[in-house]
Amino acid sequence: MSEFRIASAMIDVRDVSCPITWVRTRIALEKVGLGELVVVLLQEGEPLRNVPASAREDGHRVVSLQPLEDEGPGTWEVVLEKGAPPPALP
Amino acid sequence: MDLSRKSALVIGAGGLGGPALLTLAAGGVGRLVVIDDDVVESSNLNRQPLFGEADLGQPKAAVAAARLRALHPALQVTPLARRFDAGEALALAADVDVLVDGSDNFATKFLASDAALQAGKPLVHGGVLRTSLQVLSVVPGFSGCVRCLFEAPPPPGQVPSCAEAGIVGALSGFAGGLMGAEALRLLAGERGAYTGRLFVFEARTGRGRLVLVRRRPGCPACAGTQPLESTRPPGPADCASSPGGPTP
Amino acid sequence: MPVTPSAPSTTPRDQLDGPRIARWARQLLVPGFGAAGQERLLAARIRVVGAGGVATPALVALAQAGAGTLWLDDPEPVGPEDLLGWLYTPADVGRPRAAVAVAALAGLSRFIKVAPYPAGGAPSATLICVASAALALEAAEVARRGKIPHVVLELDGEAGQLVSVPPGAPCFACGRFTAAGERPPVAASLALASLAAQELLRLVVEPEVKEGRRFDVVRGVPGVRATQRLPGCVCGQTGTTSEAPAGP
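Given the structure is predicted, the values throughout are model-derived calculations rather than measurements.

Q: What's the story with the overall build of chain A in this structure? I'm lost.
A: Along the backbone of chain A there are 2 helices and 4 strands. Mapped in sequence order, the helices and strands of chain A form the string β-α-β-α-β-β. Taken over C-alpha atoms, the radius of gyration comes to 13 Å for chain A, in line with the 12 Å a tight globule of 90 residues would show. Its C-alpha atoms put chain A at 45 × 30 × 20 Å along the principal axes. Classification of the 90 residues of chain A by burial places 30% in the buried group.

Here's what the structure looks like:
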C-alpha cells in the first residue's frame, strides 16, 4: 500500500462458512464510517472468492488481498474500505 | 368449491413451499405430496414456517408432513425426503392435479417446468430474492413456460454470490401464500391470476407489475422435445446456502 | 438508498452473537435490514391486536424474524375458522387464542419473548388484525396517539386491504377503503397477512420511512397507493397528545 492507514475494525471469519463469512463482514462494515477500513482474516478457497466479490457488489472497495501464512496455513488478509451502498431498485 | 378430491405436488418445504402448503391445506385440498431432501438448520428458522427449534437436524419433508397433519387431520400428506430429480419427475407430476415449485435452485425450477409440461399439468413457479418476488403460472398448451422466460439455467460459474442470498420470511411467506392461492384457483378450474403473466413485486416500493410471458417460438419444452435433465450439481456446492439460484 | 455515515445508533439490548447471526444470517443480507435493523427489531415491543387464524402468518413471520417482544392481545377463544391458519390445531378449539399462540410461537425462537399483552404495556409498534372494524379503528387510534408505527389488515372483498401507518402519516381511518362488508375466504387472506408482517418489519427496521400506503388485491394482484389525509382529520393536527383517550 502506498499510504499507511489504520483499520477501524478487524474480524476473523476463518471458523465459519458461507454465508456467515460475508454476513459477519457486512456487519463489521456497517459499524464503521464511510471510507474507513476493515481487515478480514479468512480462509483461502470459497471465502476468498466470495467475500471480496460480495463486498465489491455492495459498493465497497477491496484495498488489498494477501496471504498471511504466519496466522496459519491458508489464511488470507483482505482489507476492505467502506463505500456507499449501490442505489436501491426503482 | 370442494377441492377434497384434488391433489398438489409441492417441491421444497421451505420459505416458499411451507406457506404454499399451508395455504393449499387451508383451501381444502385433499392430498399433498411434499418433496425436499434437506434437513432443518438454524438459518432456515428465520423464515420457514413449518419448522421450529425442536426440529433442528430432522428431514424437512417428514417434519412438514407431521406439522400439516397436526393442523389438518383430514389432510392426506405424502412426504418424500429426497431430491426432485429427472428419474421420477414425470411420474410425480402425472400423479397430481397441480405442481407448486418452491425449490431453491435453477436446475430444479427448469425440471419442474419441463416435467409439468410433459405431464400436461399446470405449474405455479415462484422465487424470492432480497426484497423482490416473482410468481408465474404455466398452463400447458396455453401459456409460456419457465424455459420461454429464461431460456436456460445460468452457467455454473454464474451462480449468485452470497450477498444475493438475503431473504426475509415475511416476504417469502407472501410469495408462498400467493403461490398457494394461485394453485387453489387453478385447482378450482378458474383462470390463474398469473397464467402467462409473471407477477413481479418489489417490497420496498410496494409496487407490483405483470410481465407477459408468451410461448417462445422454438422453446424445446413447449415443443415437447426437451429432455428432463438431472438437478444434481456437477460438483460440490461452492456456497452452503446458495447452491446455484434464488434461495427461498 | 441514502448514505447515512452516522446512522442513529441503537443501544442493543441483545447483541448479535454467533447463534443469533446464524439464525438471522439470511435477512442480515437484505438491503435495508442489516445489523442495525436487526438490533432495532430485537429492541422492539410489538403489540398484535387480534390473533385469529388469519393473523397467524404474521405472528409466525414476526417471531421468526426476531421481533424481540411480541405481545398478543386477543381475549377470544380459538374457533373452527381459526384452524385454517398456521398455528391452531383442532385440540385448541375453545382454549384462549393468546395463550395457545404464545406457546406455539415460543417453540419457534428462543431469542424472543412472547406473552399475552400486559395491562399498561407500552408497545413500540402495533399490528392490527381483528374482524371488527370498530376494534381495528380503536386500536389504530391508540397507536396513532402513541406515535408508534402500525399496520392494519382488514379482511374485505377478494382478500383484504392493508394500511401502513408510520408515525405522522395519514391515519388508518383516512387510509382505508369503505368496507364492502364481504368476508374473503381465509386461504385468500393468508398471503396478505405475511405482507402485513413485511410492512410492519419495514417500519420497525427502517424508522426513516415516513410515507403511509395501502395495499389491496384485485384479481390476485396486490396494488399499492399512497394514503391521503382526509380534509379536517384530527391526524393532521399537531399537539394531539392532550386529546381525550380513544375508544369507549
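Now that the structure has been shown, we can carry on.
Q: Looking at this model, I keep getting lost on the overall build of chain C. Mind explaining?
A: Scanning chain C from terminus to terminus reveals 7 helices and 8 strands. Taken across its 248 residues, chain C has 54% of its residues classed as buried. For chain C, the share of sequence-separated contacts (at least 6 apart) that also reach a separation of at least 24 residues comes to 69%.

Q: What am I meant to see in the interface of chain B and chain C here?
A: You'll often see interface size given as the accessible area lost when the parts meet. At the junction of the two partners, chain B supplies 43 residues and chain C supplies 42 residues. When contributions to the side of chain B that touches chain C are tallied by element, the ones reaching two or more residues are α1 (17–26), α2 (60–71), α6 (169–187) and β8 (208–212) of chain B. When the residues that make up the side of chain B that touches chain C are grouped by side-chain class, the tally is 24 nonpolar, 13 polar and 6 charged.

Q: Hey, could you run me through the sheet that holds strand β2 (residues 37–43) of chain A in this one?
A: As a general point, the strands of a sheet are linked pairwise by backbone hydrogen bonds and lie either parallel or antiparallel. Residues and elements named next belong to chain A. Taking strand neighbours across the sheet as the criterion, the 4 strands line up as β1-β2-β4-β3 in an open arrangement whose pairing is mixed. The sheet terminates laterally at β1 (9–12) and β3 (61–67), the two strands that pair on one side only. Across this sheet, the average inter-strand angle for adjacent strands is 20°, counted without regard to direction. Both β1 and β2 contribute to a ladder of 4 bridges, which runs parallel. Pairing of Ala9 across the sheet is with Val38, part of β2.

Q: Looking at this structure, I do not really get the sheet that holds strand β6 (residues 132–138) of chain B. What am I missing?
A: Residue and element names in this part refer to chain B. Spatially, 8 strands are ordered β3-β2-β1-β4-β5-β6-β7-β8 in an open sheet, and the strand pairing comes out mixed. Each having just a single partner strand, β3 (76–80) and β8 make up the two edges of the open sheet. Each adjacent strand pair in this sheet contributes to an overall mean axis angle of 15°, direction not counted. In the packing of α2 onto the sheet, contacts are made with β2 (31–35) and β3, and the angle to β3 comes to roughly 170°. Each of β1 (7–11), β4 (98–101), β5 (123–129) and β6 is contacted by α6, which is oriented at about 15° to β6, the strand it contacts most.

Q: Sorry if this is basic, but what is going on with the interface of chain C and chain A here?
A: The interface of chain C with chain A comprises 13 residues on the first partner and 14 residues on the second. Mapped by element, the contributors of at least two residues to the side of chain C that touches chain A are α1 (18–28) and α2 (34–43) of chain C. When residues of the side of chain C that touches chain A are assigned to their parent elements, the largest contribution, 4 residues, is made by α1(C). The residue makeup of the side of chain C that touches chain A, split by class, is 12 nonpolar, 1 polar and no charged.

Q: Got a minute to help me understand unusual backbone geometry in this structure?
A: Note: most peptide bonds trans; most residues except glycine with negative phi. Looking along the chain, the bond that leaves Cys18(A) and enters Pro19(A) is cis, with omega of 5°. With respect to the helices and strands, the residue Pro19(A) is situated in the loop between β1 and α1 (20–30). Positive phi, normally seen in glycine, also occurs at Lys147(C), with a value near 55°. Following the sequence through the fold, Lys147(C) ends up in the loop between α5 (133–145) and β5 (150–154). One non-glycine residue, Arg219(C), lies in positive phi territory at about 50°. With respect to the element layout, Arg219(C) can be found in the loop between β7 (213–218) and β8 (221–226).

Q: Would you explain the packing of helix α3 (residues 86–94) of chain B against helix α4 (residues 106–119) of chain B in this entry?
A: Two numbers describe a pair of packed helices, the interaxial angle and the distance between the axes. Residues and elements named next belong to chain B. For the pair α3 and α4, the least separation of the axes is 8 Å and the interaxial angle reads 50°. Relative to α4, the element α3 lies oblique. As for the relative orientation of α3 and α4, their crossing is right-handed in sense. Residues Ala86, Ala89, Leu90, Ala93 and Ala94 of α3 lie in contact with α4, whose contacting residues are Leu111, Ala115, Ala116, Gln118 and Ala119. Grouping the constituent residues of the contact of α3 with α4 by class yields 9 nonpolar, 1 polar and no charged.

Q: How should I be thinking about the environment of Lys113(C) in this particular structure?
A: Residues and elements named next belong to chain C. Counting through the fold element by element, Lys113 comes out in strand β3 (residues 113–116). Here Lys113 falls in the partly exposed class, since 13 other C-beta atoms lie within 10 Å of it. Each C-alpha atom of the pair Lys113 and Val152 lies 22 Å from the other, and the pair is 39 residues apart in sequence. The residues touching Lys113, leaving out its near neighbours within four places in the chain, are Gly68 and Thr69.

Q: Any chance you could explain helix α3 (residues 56–65) of chain C here in plain terms?
A: At 3.6 residues per turn, the α-helix brings residues three or four places apart onto the same side. Residue and element names in this part refer to chain C. The buried fraction of α3 is high, at 10 of 10 residues. If you check which residues of α3 are buried, you get Thr56, Pro57, Ala58, Leu59, Val60, Ala61, Leu62, Ala63, Gln64 and Ala65. Among the residues trailing α3, Gly66 stands out with phi positive, at a value near 95°.

Definitions and cut-offs
Residues numbered from 1 in each chain as written. Chains lettered and ligands numbered in written order. Predicted model: local features only at pLDDT ≥ 70, side-chain atom pairs only at ≥ 80, totals over all residues. Helix = DSSP H or I, 4+ residues; strand = E, 2+ residues; numbered from the N terminus. Rg over C-alpha atoms; globule rule 2.2 N^0.38 Å. Buried ≥ 20, exposed ≤ 12 C-beta atoms within 10 Å, placed from the backbone. Contact = placed C-beta atoms within 7 Å. Nonpolar A, V, L, I, M, F, W, Y, C, P; charged D, E, K, R; others polar. Pairing = 2+ DSSP bridges. Axes fitted to C-alpha atoms, helices over the stretch in contact; angles between N-to-C directions. Parallel < 35°, antiparallel > 145°, perpendicular 65-115°, else oblique. Left-handed = near helix turned anticlockwise from the far one by under 90°.

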